Amino acid sequence: MEASKGVTEGTDAEYKRLMNSCLVFAVGTRLLGTDEECFSKRPQPNAPWIIIAWIMNVCDSLNLDGSPKPSTKDQGTYGHAQKMLHGLGNMHWHESDAGDGTMVGNPSILVEVLSFMCSLWRHKVQAGEVANSARAITSEILFKLHNHNHLPENWTIQAAYTVAFLCMLRFDEFLKIQVHDLRVEKDRVVLYLPFQKTHQNGDIKPFHLWVLPLDEAHICPARALAAWLRESKLTSGYLFRKVASGNCIAEANSPMVYYYCIPRWK
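Let me begin by describing the structure that accompanies this report. (Residues numbered from 1 in each chain as written. Predicted model: local features only at pLDDT ≥ 70, side-chain atom pairs only at ≥ 80, totals over all residues. Heavy atoms only, no water.)

Once that is clear, we can look at the packing of aromatic side chains. This model, assessed by the stated rule, comprises two aromatic pairs. When the centroid spacing of 6.1 Å and the interplanar angle of 80 degrees are considered together, the rings of Phe174 and Phe240 count as edge-to-face. Here Phe174 is found in helix H7 (residues 171–174), whereas its partner Phe240 is found in the loop between helix H8 (221–232) and strand E6 (243–244), with 66 residues between them in sequence. With respect to class, Phe174 is no different from Phe240; both count as buried. Aromatic pair Trp228 and Phe240: ring centres 5.8 Å apart, planes at 40 degrees, arrangement tilted. Here Trp228, found in helix H8, pairs with Phe240, found in the loop between H8 and E6; they are twelve residues apart in sequence, far enough to count as distant. One exposure class covers both Trp228 and Phe240, and it is buried. (Phe/Tyr/Trp six-rings, centres within 6.5 Å; stacked < 30°, edge-to-face > 60°. Helix = DSSP H or I, 4+ residues; strand = E, 2+ residues; numbered from the N terminus. Buried < 20%, exposed > 50% of the residue type's maximum accessible area, 1.4 Å probe, protein only.)

For helix H2 (residues 47–59), spanning 13 residues, the distance from its first C-alpha to its last is 18 Å, which sits close to the expected 18 Å at 1.5 Å a residue. Of all 13 residues in H2, ten are buried, a share of seventy percent or more. Taken residue by residue, H2 has Ala47, Pro48, Ile50, Ile51, Ile52, Ala53, Trp54, Ile55, Met56 and Cys59 as its buried positions. (Expected span 1.5 Å × (residues − 1).)

In this section: helix H3 (residues 78–85). Of all the residues in H3, the buried ones are Tyr78, Ala81, Met84 and Leu85. Seen along its axis, H3 keeps its buried residues to an arc of 110 degrees; they face one direction. Near the N-terminus of H3, the side chain that reaches the backbone nitrogen of His80, with its oxygen 3.1 Å away, is that of Thr77. (Arc of directions from axis to C-beta. Polar contact = N/O pair within 3.5 Å; in protein donor to acceptor, adjacent residues only side chain to side chain.)

Below, the discussion takes up unusual backbone geometry. A positive phi is found at Met168, a non-glycine position, where the angle reads about 55 degrees. Mapping Met168 onto the fold places it in the loop between helix H6 (158–167) and H7. Overall, Met168 belongs to the partly exposed group, its relative accessible area being 34%. If you check the backbone angles, Lys233 has positive phi at about 60 degrees while not being a glycine. By the secondary structure assignment, Lys233 is in the loop between H8 and E6.

Turning to the environment of Tyr15, a few remarks are in order. Along the chain, Tyr15 falls in helix H1 (residues 9–28). Separated by 69 residues in the primary sequence, Tyr15 and Met84 have C-alpha atoms spaced 7.9 Å apart.

Let's shift gears to the environment of Ala53. Inspection of the secondary structure assignment puts Ala53 in helix H2. In sequence terms Ala53 and Leu64 are eleven residues apart; their C-alpha atoms lie 6.7 Å from each other. Ignoring any residue separated from it by four or fewer positions in sequence, one finds Ala53 in contact with Phe25, Leu31 and Leu64. (Contact = heavy atoms within 4.5 Å.)

As structure tokens, this is what we get:
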């Protein structure tokens, strides 16, 4: 329950309510025993699948057995499904260095969970659910942007979109990222966010951005960041710089202004 530290009391209480709701669901469906915990310093090995089942039960049009739910049964929105994932931390899901089989980190940012969320969004769009706001971005929009931004004549800032999308960041959060905030590892990029509205007192856990499968390249921040650094040739300073005339990066170390991104989000 310590994962929600650094937020307001009201937000912290909402996160804990959602965690308790997930635990009640897991025990009620016998995915967990009555004496087991879903959210702790040592989560259950099947925690990612418990989270998927919990969200599917509340927000999807299908039952856990794959059968369609009655049209009269209320379903949570995609926005509610996103809220169900918040407050659980940003450390990647992995086995403890102790080698005793203990799993640590946040199971909700596992690739399988993110893939389920993309699938859920497609179901919601097919059912007529619209984006949460005029500026809300979807995996389908990212797919179109990915194709557009990789045309030879277009300047690409795909990295900004994918990082903001998967890490659920605001404009003022991802535009403050600097090159030294990134750590490149063998199979992922680790982002140490310098600022986050929900953690204004610090203690921001790093984001582990794994290389996603090829069929999800349009939402893969690792691929997008590699392409951006290769094209921009930046080695220090702000990761997303102001764009000068001729669609060239400004020499001055100033962050990109948010309104440069807005037309590309629509």
